[in-house]
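Summary of structural features
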Amino acid sequence: MTTTSEPQLIGRDEELAALRSRLDGVGTGPAVTGIVGAPGTGRTALLVRVEQDARDRGFTVLAARGVDSEAHLPFAALHQLLRARLGDVDQLPLQQREALLACFGQGDAVAVNPFFTSLATLELVVERSVETPVLLSLDDVDRMDQPSVDVLAFVVRRLAGERVAVVCTAGSPAVVLGDPAPLVLDGLDEPSSTTLLRSRAPLLAPALEERVVRQAGGNPLALVEFAAALQDGRQSWTELDEDLPMTTRLERAFAARAADLDAAGRALVDVAAVDDGDSVADLLAAAQILHGSPVRIDDAHRLGLVAVVGDRYRVASPLIGPALRRAMPADRRHSAHAALAQVHASDRDRATWHRAAAAPGRDEQVAADLERAAADARRRGAVTTAVAWLERAAALSPDPGARASRLLSAAELAYELGRFGKVEELKQRVAGTALRARDRSRLTLLDGAFHDGASSEPSEIRRIVGLAQDATRDSDADLAVQLLFGAARRVWWRDPGPEIRWEIVRSARQVPLPPHDPRMLATFALAEPFELSATIVADLGRWPADADGRPDLAGLLGIAAFCVGQFDRADTFLTAAVQELRAQARLSLLAEALAIRSWAELNLGVFDPARSGEEAVRLADETGQAVWAASARIAVAFGDAVAGRWDARHVLLGEAEQTAVRTPNASSSLLSAVQLVRGLGELGSDRPGQAYDELHRAFEEADPAYQRVQQLWAVGYLADAAVRAGRREPARHLLDVCAELAGPTPALGSQIALEYAGAVLADDDTADDRFAAALAGAAHAYPWHRARLHLAQGEWLRRQRRAVESRDPLRSARDAFAALGAGSWADRADQELRATGEQGTRPASSSGEELSAQESRIAQLAAQGLSNREIGQRLFLSHRTVGSHLYRVFPKLGITSRSQLAGALGVTPRTLPPPAPSR
C-alpha cells in the first residue's frame, strides 16, 4: 500500500524513488532513464513530479512533450525544449548558431546540416549544466517529430559524465533514447486502485466501486474516467462488461464527453483534434471557419477536453485526440484541415500540410507543393520530415511515374539518414511500377546502398553497365559514371572475372568526361587496379592534396589511390576529405573515409590509435553502413594484433565475419582482411605455422577469402610466416604470382610487400643484396616496414652465424617496434638479440600507449593547437567533454599543462584551420 499523498501517484513510490536516485547521482550514472507504460498508467504524472523534485534540488528543467498533431512539424519538440535557452545562442560558433536558428525557421541560413543542429543543442545543454545541473524532461518521445528525436538521441549518446539527467516517457521500450532497462509501469494493485478511485469518487456504491476496479485493470486514467462517466451518466453500468481493449474503453468515455457539446463547441474540439499548433487564437479562427460563426472555448475547457494556459492550449489527454478523430467522418476531418490551411496561409509549409490532409483524393498541385515543402525541410536539416512529406506527395500523385519518382527521392533521403528499413520499404513500394529510364537507374543505385552493392553476380553487374551505357547515349554523363562507379565497387568486393572488369573500363571510357575526373579514376582503380595502375598514379598527380577543397572529390581520389596501392597519396587525399567532411558533419561519407584511411595507414605501418578505425566503427554503426563498420572493426583488430592484444576469438573479427555472411557480395574483401589480421596476430604470438595457414587462405582462388588485390599487400606477412614455418617454396610460388599481377611498375604498397617478401624468401647467396635493396627501397620511409626488414635481416644473419653483424639491425628493430607500441614484436626482436649473446632490455612503452583512442585523438588535436571548442566540433562532442578527457590525459602522460602535450606525444605544434568560421 502506498503512502504517496498525490492521487495520480498512488502506487508509484518505488518508481519515484528510483527517479529521485537518478537526480541525486546526476553526472555519475547513466544519463537517460526511460519510463514505459500503456496510456493512462501515469507516465506523465511521474514525469511532472520528477520535474518538480528537480527544481527543488536546483536543477534547470528543460521540457518537451510529444503531440501527434505536431509529429510532421520538423523540430517542434526541440523548439519546446530549448525555447527558454535560445537567448544563449550567441555563445555558439557561427555554423552551430545558424543551424539551430534555421531549423526553427529563424536566421538567414540557406541550407542546414542536421549534425550542427545536434551539436548546438549539446553545447547549450552542457554549457547550462556548468551553472546548475540540468534535467531534460521528454514526455511521449514516441509522439515527437523524428528530426527532434534524432537530435535528442545524438545528445543523449554524448552526455556521459555531464551534469545532465534525461527522463523520457514512451509507450514502447524501443524509443526511450537508449535506456536498456527503463522503468515499466504496470497496472496498480487492487488496494492502490481502490485508494485512487476513492480519492476521485468517494461516493460510488460499493458494488460499482468493485466493478470499476476490476474492469479498469489497474489503469489509473481508466479508474478516474470510468468513475466520472458513471457518476454523471455518460457511461452505463453494462458498458463496463463489454470485452473491449482498455484504450477503446477510454476513448469511448472521451467521445461521450464530447457529445455533450453544442455544434460550436464540437467544431472547436474537432479542429483541436487535428491542429498542429497550440495557439488559442488560431484554434478559434479555424473553428469559426468550420462552424460558420464565432465559437468559444469555455465548454470544451470545462469538460476537460482541452487545457488552456494563457494564450496557449493543448488537448487534455493523449487519448482525446485519437478518440475525436476516429469519431469524425472523413469529410468533417477534411474540412477541419482545410480551415486550418486557411488560418495558416502565411506559413507555407503548415498550410501545405493541412491542404494535403484536406485533399479527398489525388491532387498533383498539392503533391507538387509537398515536394517543394520537402526540399525546404531538407535545407533546414529536417531530412526525416522531408522523407515523410515526399511519401505523402507520392500518395497524392495522380501519375504513377511521378509517384514512383517521389518515392525514390524519399528513399534516397532515407539512405542519407542511414535508415535501411525505410529504404527497403520504399523500394518495395516502387517495385512493379513502370519506371522512367532515369528512375530505373536510381532504383539500381539504391540496391544494396547500405552494403556497397546488393549483388556482385555477373548478370547484375552487366545490367548496371547496360544502364550506364543507356545514360551515356542519353547524354547523362553524371548518372552514367555514378552507375559505373557502383558496378566497379561490386567488382572490388567480389571479383566476377576479367571480362566484366574490362567491360566496366570500356564503358567508362565512352563517358564524355576527362580521364582524370576523380569519379573516373575511382572507377578505373576499383575495376583494374593493376593494369591501369601507372596511368591512374600519373593522373592522381594532377590533383592538389585537398582536391581544390572538395571533400567528395578528395574521397574519390583517396579511393583511387588506395585501390592501386598508392597508400601515401590515399592517406593525403583521405585526410583532406576527413577534415572537410567533419566540418560539414557529413557523417556517412566521413565514416567511409575514416575506414579507408585507417587501412591505408595500416598498410603503411601507421598505428597511431588516434587515427584508428574506432571512430569509423562508431560512425558507421550510427549511419547504418554495415560493410564500412565491419571494415573498420577489422582495422581496429589489426592494431590490437600489432600491439600484442591478440585473441584468436577476437570479438571484432567475429562481428565482421557475421557481416560478411549477411552481405555475401562483400565477403571476399572482408574475409581477406580478416585472414590478414588473424595471420598477423599469430605471427605476433610466435605461431608461424598457424599464421601461414591463416594468411594462405587469401591466396587460394577457391577460398571465400580470396581477393586478388589484397593478397598482394599481404604477401610480405605470408613470406615472414613461411620462412619461420619451413614453407619457403610454396611461398616463393605465390610471390611470383603476385609479382606478375603487380607488373613492372608496382605502386608503393605493392612495392613494399614485394621487396620485403623477395628479401625474406631469397637464397642465402642473394639475401644480403636483397635486404640492402629493400631497406633502401620503398620501405625506407616507413618505420614499421623498416623494422620488420631489420628483424628479418637480423634473424637471417644470426642463422648464418654472423651474430655480431645481426645485432645492429636487431637493436634497430627492437627500438622501432617499442616506439610503435608493437610490444610482442619488440619482445621477439629482444629475444633474438639475447640469442646473439647481447644482454637484452625490456623495450620502453610509447608515451601514449595507455590512452584510449578517443583520448589520444583529443590529445593530438590539443597538441596541434586547437581549442576545446574546435576539437569538440571536429569530433562531435561538447567542449566540456573534451576538457574532461584532457583532465584524464595529463596524469597518464605525466604532464601538468596543455603546453607539454606536444612534447609528450612527439607532435609538432601547429594550428590547423578551424572547421567553421567563428565569431
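Up top is the structure.
To keep things clear, this report deals only with the structure shown in the data block. Keep in mind that this is a model prediction, so the values were computed, not measured. (Residues numbered from 1 in each chain as written. Predicted model: local features only at pLDDT ≥ 70, side-chain atom pairs only at ≥ 80, totals over all residues. Heavy atoms only, no water.)

Quick notes on the overall build of the chain
Broken down by element type, the chain carries 45 helices and seven strands. Radius of gyration (C-alpha) of the chain: 33 Å, near the 29 Å computed for a compact globule of 919 residues. On the principal axes, the C-alpha backbone points of the chain span a range of 105 × 65 × 55 Å. Counting all 919 residues of the chain, 58% fall into the buried class. For the chain, long-range pairs separated by at least 24 residues make up 69% of all intrachain contacts whose partners lie at least 6 apart in sequence. In the structure as shown, the chain presents an accessible area of about 36,300 Å², 50% of it carried by carbon and sulfur atoms. Where the 104 positive side-chain charges of the chain centre and where its 122 negative ones centre are 1 Å apart. (Helix = DSSP H or I, 4+ residues; strand = E, 2+ residues; numbered from the N terminus. Rg over C-alpha atoms; globule rule 2.2 N^0.38 Å. Buried < 20%, exposed > 50% of the residue type's maximum accessible area, 1.4 Å probe, protein only. Contact = heavy atoms within 4.5 Å. Areas by Shrake-Rupley, 256 points an atom, 1.4 Å probe, with all protein chains shown as cover. Lys, Arg positive; Asp, Glu negative; His and termini not counted. Charge placed at Lys NZ, Arg CZ, Asp CG, Glu CD.)

As for the nonpolar core
Of all hydrophobic cores here, the largest spans 224 residues; its most connected members are Leu100, Leu138, Ile504, Trp599, Phe638 and Phe817. What leucine 138 contacts, discounting residues up to four positions off in sequence, is Leu47, Ala64, Leu81, Met144, Leu152, Val166, Val167, Cys168, Thr169 and Leu177. Of all hydrophobic cores here, the second largest spans 32 residues; its members include Val274, Ala287, Leu290 and Met328. (Core = buried A, V, L, I, M, F, W, Y, C linked by side-chain atoms within 4.5 Å.)

Overview of the packing of helix α25 (residues 518–527) against helix α26 (residues 533–540)
The interhelical angle for the contact between α25 and α26, taken along N-to-C directions, is 155°, at an axis separation of 10 Å. Between α25 and α26, the interaxial angle falls into the category roughly antiparallel. Handedness of the crossing formed by α25 with α26: left-handed. In this structure, α25 uses Leu521, Phe524 and Ala525 to contact α26, whose residues at the interface are Ile536, Asp539 and Leu540. Looking at side-chain class alone, the contact of α25 with α26 contains five nonpolar, no polar and one charged residues. (Axes fitted to C-alpha atoms, helices over the stretch in contact; angles between N-to-C directions. Parallel < 35°, antiparallel > 145°, perpendicular 65-115°, else oblique. Left-handed = near helix turned anticlockwise from the far one by under 90°. Nonpolar A, V, L, I, M, F, W, Y, C, P; charged D, E, K, R; others polar.)

Comments concerning empty space enclosed by the protein
Counting across every chain of the model gives four cavities of 30 Å³ or more. The computed volume of the largest cavity comes to approximately 370 Å³. Around the largest cavity, the lining comprises 25 residues; the ones closest to its centre are Trp492, Phe562, Trp599, Ser669 and Gln710. Listing elements by their share of the lining of the largest cavity, those giving two or more residues are α23 (477–493), α27 (551–564), α29 (587–604), α31 (626–643), α33 (667–684) and α35 (710–725). Considering every element that reaches the lining of the largest cavity, the biggest residue donor is α33, with six residues. Of the residues that constitute the lining of the largest cavity, the class distribution is 17 nonpolar, six polar and two charged. Quantified by volume, the second largest cavity comes out at close to 110 Å³. The wall of the second largest cavity is formed by 13 residues, among which Asn603, Trp713, Tyr717, Ala753 and His785 lie closest to the centre. Breaking the lining of the second largest cavity down by element, the ones donating at least two residues are α29, α35, α37 (748–760) and α39 (783–799). For the lining of the second largest cavity, the class distribution of residues is eight nonpolar, four polar and one charged. (1 Å grid on protein atoms, 1.4 Å probe; cavity = no way out; pocket = protein on both sides within 12 Å on 5 of 7 lines; lining within 4 Å. Points joined across faces, edges and corners; volume = space filled by probe spheres on them.)

Thoughts on the pairing of strand β3 (residues 134–139)
In terms of residue burial, β3 counts as a mostly covered element, since six of its six residues are buried. Of the two faces of β3, the one lined by Val134, Leu136 and Leu138 and the one lined by Leu135, Ser137 and Asp139 are each fully buried. Taken together, the six bridges between strand β2 (residues 60–65) and β3 define a ladder with parallel strand orientation. In the sheet register, arginine 65 faces β3, and the bridge partner there is aspartate 139. Bridge count between β3 and strand β4 (residues 164–170): five bridges; the pairing is parallel. Counted as the bridge partner of serine 137 is valine 167 from β4. Viewed along the sheet, the connection from β3 through helix α6 (residues 146–156) into β4 turns out right-handed. (Pairing = 2+ DSSP bridges. Right-handed = clockwise from strand over helix to strand, strands pointing away.)

Details of the packing of aromatic side chains
One pass over the structure, following the stated rule, counts 13 aromatic pairs. Relative to tryptophan 713, the ring of phenylalanine 567 has its centre 4.8 Å away and its plane inclined at 75°; by these criteria the two rings are edge-to-face. Here the residue phenylalanine 567 occupies a position in helix α28 (residues 567–584), and tryptophan 713 occupies one in helix α35, the gap between them amounting to 146 residues. Accessibility assignment for this pair places phenylalanine 567 and tryptophan 713 in one class, buried. (Phe/Tyr/Trp six-rings, centres within 6.5 Å; stacked < 30°, edge-to-face > 60°.)

A few points about unusual backbone geometry
With phi around 55°, aspartate 140 is a residue other than glycine that occupies positive phi space. Counting through the fold element by element, aspartate 140 comes out in the loop between β3 and α6. Under the relative-accessibility criterion, aspartate 140 is labelled buried at 1%. The backbone of aspartate 686 shows a phi angle near 60°, a positive value even though the residue is not glycine. Note that aspartate 686 resides in the loop between α33 and α34 (688–696).

Describing the sheet that holds β2
Overall, parallel pairing links the five strands, which are arranged β2-β3-β4-β1-β5 in an open sheet. At either margin of the open sheet sits one strand with a lone partner, and together these are β2 and β5 (183–185). Adjacent strand axes in the sheet meet at a mean angle of 15°, parallel and antiparallel pairs treated alike. Across five bridges, strand β1 (residues 32–37) lies against β4 in parallel orientation. Across the sheet, threonine 33 pairs through a bridge with valine 167, a residue of β4.

A few points about the side chain of threonine 60
In this structure, threonine 60 sits in strand β2. Here arginine 128 takes part through its side chain, which lies 2.9 Å from a polar atom of the side chain of threonine 60. A polar side-chain atom of threonine 60 sits 2.6 Å from a polar atom in the side chain of threonine 132. (Polar contact = N/O pair within 3.5 Å; in protein donor to acceptor, adjacent residues only side chain to side chain.)

Some remarks on the environment of alanine 170
Here alanine 170 is to be found in strand β4. Residue classification places alanine 170 among the buried positions, given a relative accessible area of 0%. Alanine 170 sits 425 residues away from alanine 595 along the chain, and the two C-alpha atoms are 36 Å apart. Setting aside residues no more than four positions away along its own chain, alanine 170 makes contact with Ile35, Val36, Gly37, Arg43, Asp142, Val175 and Val176.

What about the environment of glutamate 162?
Mapped onto the fold, glutamate 162 is located in the loop between α6 and β4. Sequence separation between glutamate 162 and valine 134 is 28 residues, and the spatial gap between their C-alpha atoms is 9.3 Å. When neighbours within four sequence positions are excluded, glutamate 162 is seen to be in contact with Val26, Gly27, Val126, Ser878, Arg880 and Thr881. A distance of 2.5 Å separates polar atoms of two side chains, one belonging to glutamate 162 and the other to threonine 881.

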